[in-house]
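# Structure at a glance
The lines below spell out each chain.
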Amino acid sequence: MDDLRYQVDLLTAMNQKISADESMYRALCEQSNRAFIYIQPQLNVVKTLGRWDEFFGFRPNELSDLRSLMSVIDDDYKEVAGRAFFPERDGKKESLIEIPIYNKKQWVEIHTSVSLNSDDTAAVKIIAFRDITKMHDYKEELTYMAYYDSLTGLYNRNYFITKLGDFITKAEKENAVVSVLLVDIDEFHKINDGMGILTGDEVVQNLGLFIKGFLGDNVIGSRFDGDFFALAIYEPIGNRSVDYIYDTLMEYLKKPMVLTDNNEVLLSVTCGVAEYPEASDNPLQLVNCAEIVLFKAKDTERGTLRFYDKSLMNEFINNVNIERKLKDAVRNMDFSLNFQPQYFADSKRLRGVETLIRWNSEGQFISPAVFIPIAEKNGSIVAIGDWVLEQAIKAHMEWKAKFDFDMILSINISAIQYRRQDFVSKVIGVLKKYEMPASELEIEITESVLIEDFNSVTAKMEELRDYGVKVSIDDFGTGYSSLSYLKKLPVDTLKIDKSFIDSLVDDESSKIITETIIYLSKKLGYEIVAEGVETNEQFEALKDMSCDLIQGYFLGKPMTYDAIEDLLLRLI
Ligand code: C2E
Ligand code: CA
Ligand code: CA
């Protein structure tokens, strides 16, 4: 009896444990984000666990119910799924697939595992379903991001270059041309800064949309980044020729772009073109060539379409070399100074000298007209400018000590230097260090300085002039400013650009302009310098127009420190 009770107790305990285990497993299954089927085919046992209702809205209870499972699977995937449910038929113990259900509304991962009977039929089979819709969407997004630009839907740079490579491969076989046309919005930063990034994005999107209009079998498009677009055109002819695309784009940009906030912007773009096979047969290099063309056009002919040519490339390579050598030269301050005398036109008396930097790189003279713009781009102009300022003032004070001669020292100042906050204090610092009278120093700035914020430009000029330093406008007449604008600026001297002097004698309009500039500047109280005076004829003409000062090869070329010393020696 006791024995029986013991047996019953044991069974009850075991059952309790089993049902406790089962509810634990069930809870675990429900908790996991999976749905399971447990099948013993021979015994016709089908058990379901987990999230059936959420995944499929039903639970299979017997083998025949599995058919309704097939019905939710998208048609294209039915066969794959069918095989995946029976890995044993392929001699395998498991299978793993990812398929869409309910017309791609959902994605599931299906993992089937079987244990086999001795005759290789399935004894027990467990099929687990996992909802991977989110992961799948994410994967698709990643794939999209790997190839496309999210703002415009155009190809991204990498994918564009891959596709361009395909064009080139095809063109090699078919003897065709492939053009790369780059389009960059001029002064886009002004739109971004002035109207906000969202407006900037809208502008980019609109232009992107317009560019999409050119795309087709033989034309692909990309946004590289920012406001920078690219088109690659296979065999550019007819309405996919570069000229046609450019003209159409220009027509579109003639009208202001109306934005969603009803603001309007008028855009201009600069374009650069390089073509296979002329420029390169490598897609990346071809794009680089077009970029170099575009950057060059941005510098000199904004708002135009420019084509690749060899000389431009050579210039670029040359500049890259110069930039490399310039870095070393700046490190060692491997420069020297020349000084060009300036004379009073009426008396031919020496007024002073203009400081001009010189650079001999490995025995080769490189003009400041070439390397100063490079130094301005890479920022080394600041260090160079500091050096020039100090060396020139030092030289000036040495001459002053030796010859006790009153003269003006002019120094060219780049817009980059002038723009810096510490510019004025730096100048004053060096003047103090060498005890140079401020009234003997003149700084020459070009009109490009004046494009900057008017108030800060004039504030610096006033500070310098209050201290006694003269301010001169260099290359006058080539830039943007008119005399009426200049009237508002506190400057002392104007230097009429050499281009007017060059044509002074032969060209009546140059003569009239020069005459007028001289007349008006004198009325406004400026001292006026004519530079680049090469002949006696020019000299006499300028003297007749009452030009104050003359600088040029006719009276004196730029010369070394020692040559200036000789000159001063003769004067005392
Ligand atoms: P710039 O300030 O207009 O200097 C006058 C240029 O004309 C100098 O060229 C000078 O040598 C040249 N020149 C003077 N008289 C004549 C003439 O009668 N005929 C001809 N054909 N040329 C004449 P350079 O020395 O090659 O300088 C070129 C430019 O480089 C300068 O133009 C100036 O903008 C810049 N530069 C020179 N030195 C410095 C410097 O120390 N700092 C900065 N920021 N720029 C400098
Ligand atoms: Ca100058
Ligand atoms: Ca000049």
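Located above this text is the structure these notes cover.
To keep things clear, this report deals only with the structure shown in the data block. (Residues numbered from 1 in each chain as written. Chains lettered and ligands numbered in written order. Predicted model: local features only at pLDDT ≥ 70, side-chain atom pairs only at ≥ 80, totals over all residues. Heavy atoms only, no water.)

With respect to the helices, strands and loops of the structure, Pro-100 is situated in strand β3 (residues 94-101). The class of Pro-100 is buried, set by a relative accessible area of 0%. Expressed as a C-alpha distance, the spacing of Pro-100 and Glu-537, which sit 437 residues apart in the sequence, is 89 Å. The contacts of Pro-100, once residues within four sequence positions are left out, are Ile-73, Asp-74, Tyr-77, Gln-106 and Trp-107. (Helix = DSSP H or I, 4+ residues; strand = E, 2+ residues; numbered from the N terminus. Buried < 20%, exposed > 50% of the residue type's maximum accessible area, 1.4 Å probe, protein only. Contact = heavy atoms within 4.5 Å.)

A few words now on the pattern of salt bridges. Considering all chains together, one arrives at 36 salt bridges under this definition. A salt bridge links Lys-298 to Asp-186, with the nearest nitrogen and oxygen atoms 2.9 Å apart. A residue pair is termed long-range when its members are at least 10 positions apart, and Lys-298 in helix α10 (residues 283-300) and Asp-186 in the loop between β6 (178-185) and α7 (188-195) qualify at 112 residues. No difference in accessibility class separates Lys-298 from Asp-186, as the two residues are buried. As a salt-bridge pair, Asp-492 and Arg-465 come within 3.1 Å of each other at their nearest N and O atoms. Here the residue Asp-492 occupies a position in the loop between α17 (483-486) and β19 (493-496), and Arg-465 occupies one in helix α16 (residues 454-467), the gap between them amounting to 27 residues. Of the residues examined, Arg-465 reaches a relative accessible area of 33% and is grouped as partly exposed. In the salt-bridge network here, residues are joined through shared partners; they are Glu-354, Glu-444, Lys-495 and Glu-531. (Salt bridge = Lys/Arg side-chain N within 4 Å of Asp/Glu carboxyl O.)

Next up on the list: the site of ligand 1. Around ligand 1, the surrounding shell holds 22 residues, and the nearest of these are Gln-340, Arg-358, Asp-474, Glu-534 and Tyr-553. A distance of 3.2 Å separates an oxygen atom of ligand 1 from a polar atom in the side chain of Glu-354. Between ligand 1 and Ile-357, the relevant distance is 3.1 Å, taken from a nitrogen atom to a main-chain nitrogen or oxygen of the residue. Taken together, the elements giving at least two residues each to the shell around ligand 1 come down to β14 (350-361), α12 (368-378) and β18 (470-476). At 4 residues, the largest contribution of residues to the shell around ligand 1 is made by β14. Class assignment for the residues of the shell around ligand 1 results in 9 nonpolar, 6 polar and 7 charged. (Near = heavy atom within 4 Å. Polar contact = N/O pair within 3.5 Å; in protein donor to acceptor, adjacent residues only side chain to side chain. Nonpolar A, V, L, I, M, F, W, Y, C, P; charged D, E, K, R; others polar.)

The subject of this paragraph is the coordination of the calcium ion (ligand 2). Reference geometry at the metal: tetrahedral coordination by four donors gives ideal angles of 109.5 degrees; octahedral coordination by six donors gives 90 or 180 degrees. Around the calcium ion (ligand 2), the protein contributes the donor atoms Glu-354 (OE), Asn-412 (OD1), Glu-444 (OE) and Asp-474 (OD), at 2.1 to 2.3 Å from the metal centre. For the calcium ion (ligand 2), the single-chain donor residues occur in sequence as E-x57-N-x31-E-x29-D. Separating the calcium ion (ligand 2) from the calcium ion (ligand 3) is a gap of 4.0 Å, which Asp-474 spans by donating to each of them. Of this pair, Glu-354 sits in strand β14 while Asp-474 sits in strand β18, and the two are 120 residues apart along the sequence. Given a relative accessible area of 3%, Glu-354 falls into the buried group. Given the relative accessible area of 8%, Asp-474 is considered buried. (Donors = N, O, S within 2.8 Å, 3.2 Å for Na, K, Ca; no water.)

Counting 81 residues, the largest nonpolar core has Phe-335 and Tyr-418 as its most contacted members. No other element matches the 12 residues that helix α13 (residues 381-403) contributes to this core. Excluding anything up to four places from it in sequence, Tyr-418 contacts Ile-413, Phe-423, Ile-443, Ile-445, Val-449, Val-457, Lys-460, Met-461 and Leu-464. Counting 31 residues, the second largest nonpolar core, distinct from the first, contains Leu-182, Ala-274, Tyr-276 and Leu-286. (Core = buried A, V, L, I, M, F, W, Y, C linked by side-chain atoms within 4.5 Å.)

Time to look at the pairing of strand β2 (residues 45-50). Where strand β1 (residues 34-40) meets β2, 6 bridges bridge the pair, whose relative direction is antiparallel. Looking across to β2, one finds that Phe-36 is bridged to Leu-49. Once β1 ends, the chain turns through 4 residues before running back antiparallel as β2, passing Asn-44 with a positive phi of about 55°. (Pairing = 2+ DSSP bridges.)

Turning our eyes to something else, we now look at the coordination of the calcium ion (ligand 3). With distances of 2.1 to 2.9 Å, the protein atoms coordinating the calcium ion (ligand 3) are Asp-474 (OD), Asp-475 (OD), Glu-531 (OE) and Glu-531 (OE). Residue class for Glu-531 comes out buried when judged on its relative accessible area of 12%.

Where nonpolar side chains cluster on the molecular surface, the patch consists of Tyr-6, Leu-10, Leu-11, Met-14 and Ile-18 and spans about 510 Å² of accessible area. Within the fold, Met-14 resides in helix α1 (residues 2-31). Residue class for Met-14 comes out partly exposed when judged on its relative accessible area of 45%. (Patch = residues over 30% accessible without salt bridge, like charges linked within 9 Å, V, L, I, M, F, W, Y side chains within 5 Å. Areas by Shrake-Rupley, 256 points an atom, 1.4 Å probe, with all protein chains shown as cover.)

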